[in-house]
Amino acid sequence: MAASVREKQTVALKRMLNFNAPPLKNTAAEPVWKVLIYDRFGQDIISPLLSVKELRDMGITLHLLLHSDRDPIPDVPAIYFVMPTEENIDRICQDLRNQLYESYFLNFISAISRSKLEDIASAALAANAVTQVTKVYDQYLNFITLEDDMFVLCHQNKELISYHAINRADIQDTDMEAIMDTIVDSLFCFFVTLGAVPIIRCPRGNAAEMVAVKLDKKLRENLRDARNSLFTGDNMAAGQFSFQRPLFVLADRNVDMATPLHHTWTYQALIHDVLDFQLNRVVMEEVAGAEPSPAGARPKKKNRKTYDLTAVDKFWQKHKGSPFPEVAESVQEELDTYRAQEDEVKRLKSIMGLEGEDEGAISMLSDNTAKLTSAVSSLPELLEKKRLIDLHTNVATAVLDHIKSRKLDVYFEYEEKLMSKSTLDKSLLDIISDPDAGTPEDKMRLFLIYYIAAQQAPSESDLEQYKTALLDAGCDLSPLNYIKQWKAFTKMAATPANYGNSGVKPMGLFSRVMNTGSQFVMEGVKNLVLKQHNLPVTRILDNLMEMKSNPETDDYRYFDPKMLRGSESSIPRSKNPFQEAIVFVVGGGNYIEYQNLVDYAKFKQGKKVVYGCSELFNASQFIKQLSQLGQK
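Residues numbered from 1 in each chain as written. Predicted model: local features only at pLDDT ≥ 70, side-chain atom pairs only at ≥ 80, totals over all residues. Heavy atoms only, no water.

Naming follows an unreviewed UniProt entry, where the chain appears as Sec1 family domain-containing protein 1 of Larimichthys crocea. UniProt lists a comment for the chain under the heading Sequence similarities (unreviewed entry), and it reads "Belongs to the STXBP/unc-18/SEC1 family." Word for word, the UniProt comment on the chain under Function (unreviewed entry) is "Plays a role in SNARE-pin assembly and Golgi-to-ER retrograde transport via its interaction with COG4. Involved in vesicular transport between the endoplasmic reticulum and the Golgi." (UniProt positions renumbered as here; feature names shortened; annotations may be inferred.)

Caption draft 1: Fine view of the pattern of salt bridges. What the rule picks out here adds up to 28 salt bridges. Note that Lys53 and Asp57 form a salt bridge whose closest N and O atoms lie 3.1 Å from each other. Highlighted residues: Lys53 and Asp57, both in helix H3 (residues 52–57), separated by 4 residues, approximately one helical turn. By relative accessible area, Lys53 is classed as exposed at 57%. The structure contains a network of salt bridges with shared partners spanning Asp273, Arg406, Asp442 and Arg445. (Salt bridge = Lys/Arg side-chain N within 4 Å of Asp/Glu carboxyl O. Helix = DSSP H or I, 4+ residues; strand = E, 2+ residues; numbered from the N terminus. Buried < 20%, exposed > 50% of the residue type's maximum accessible area, 1.4 Å probe, protein only.)

Caption draft 2: Structural detail: the nonpolar core. Counting residues in hydrophobic clusters, the biggest one holds 78 residues, and the most contacted among them are Phe81 and Ile271. If you count residues domain by domain, this core takes at least three from each of domain 1 (5–141) and domain 2 (145–255 + 535–630). In this structure, Tyr140, Cys154, Phe190 and Leu215 belong to the second largest nonpolar core, which totals 40 residues. (Core = buried A, V, L, I, M, F, W, Y, C linked by side-chain atoms within 4.5 Å. Domains from an automatic or database assignment.)

Caption draft 3: Geometry of the confidence of the model for the chain. Scored by pLDDT, the chain has a mean of 82; 82% of the residues are at 70 or more. pLDDT under 50 marks residues 288–294. Its contacts with residues more than four places away, or in other chains, come to 3 contacts. Here residues 506–517 is a poorly scored stretch, pLDDT under 50, and it has 27 contacts once near neighbours within four places are set aside; other chains count. (pLDDT = per-residue confidence, 0-100. Contact = heavy atoms within 4.5 Å.)

The structure is reproduced here in structure tokens:
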């Protein structure tokens, strides 16, 4: 199978850190020691892909932010990895004048304009440093890969291309153009790194269409310019996917507004929903010791712990899409097997009367200790296992606390029923007015989903009753104002998005986790199991990928940047189903949709689906944007 985007982006970064030469095969050679200088954008791109240890193996001794105070290190080459912005260019020119490093390798995350290059050139001339500027590269890496099959465009100033920015009522055309250009620039980088020219499909009459038109134009211009095309020659041969080109589906957030507000039940999406989870890193506040501090002493500072959830973490890879109860059981099982192994090592030590001895004494008694040696040599592996178990125990416990204190299982089950239009067992008002159930935000999310999924809007009198209940619960009603306008405005009002016959079946109480020895006290939490169903975004992809005829996607526009004349049509040229597809949501995405696509692809043999979005937000960030839109 062709390499994933994550691998390709990692390879590109490693090349760059090796002065843009392919990394050498013989690892015996000492790497060249060098300094890496990045801006916040560069930092966000590198951090999910390369650990500090990997950077060190590549010869990076120091990695510093461009706009920090840096001391001169005159005999070391410096690799810069920055966006080509005015202030970055000024700072690079200043570095040249101050002669900070021996030589400069300038790598721009996205293409640098001619005029800015001239600025650098004139600064280098003035500083008499022309010979030191060794190479200048455009890297086309302006996007962030979070998973093998998931990417986002940016993390730093994501509010510039957020849902709020695109859907503001008072937006100027020039602002909209700028937002679209930013998105297209990143998507262009994505396809350059992927090494493939896609077939683009998009709906008509929204932001997704604007992105598609611009991207088609940009890819087309690049393909025409035979001398400088990024899609020809050696970099393509290496990146050849299969004979088939990927399908690129652009969707607009407005297609489905309920999913981003939905309470979820799978591990990764839950972490993103209730904890602080960004760029594959969870930040948790540890509650310091419970003993009361002496009178007058300052309250203890809470420790912040960060955990990286990475691709090497087998447990994470296996369970990030599992329903939470399964995850809790699996963590418990891992813990039990680990304890058994640990006890075995201790037992062997005690048999030989070596409790307090050092490892040296153990290896001397080698004849009858083959067993022991193997036990000891598996220690590092055991310790790593222990670290991962602890990590997941802590994270899962934190998630469980939220589930229990906010009754998230109740919300999840109820929302699933609303979205699949099945019969409800209790009234919405009961949940809204139950003081124990969730935060005001949880109640608002529930009500918005009800409002979005309803076939016909509730009557004025009912609505007033709901509003009063929501206000009593302490909710801010501005998101509702926006959703009302949105519902009136979208054509979707005629056909509310169909969430498939989703549904959850309660499975009785937990089997293993309920026993007393467990870390997780699951009392009262429902054991819900998911049924596979397709969310709107997944369904759109399915129609376009399998070439099914369906009213919701039949008038999607079709662009093929490789065709000489850009002919306006919605008639696909090829009738074959696609093997590879990328779905991109303009206006922001979430882990619920990502997980839904992953599950969808599991059932399709040999098909690859990648999920991308302009920004990744959880429900509370999305509600904030909606309330800003509703306050206008």
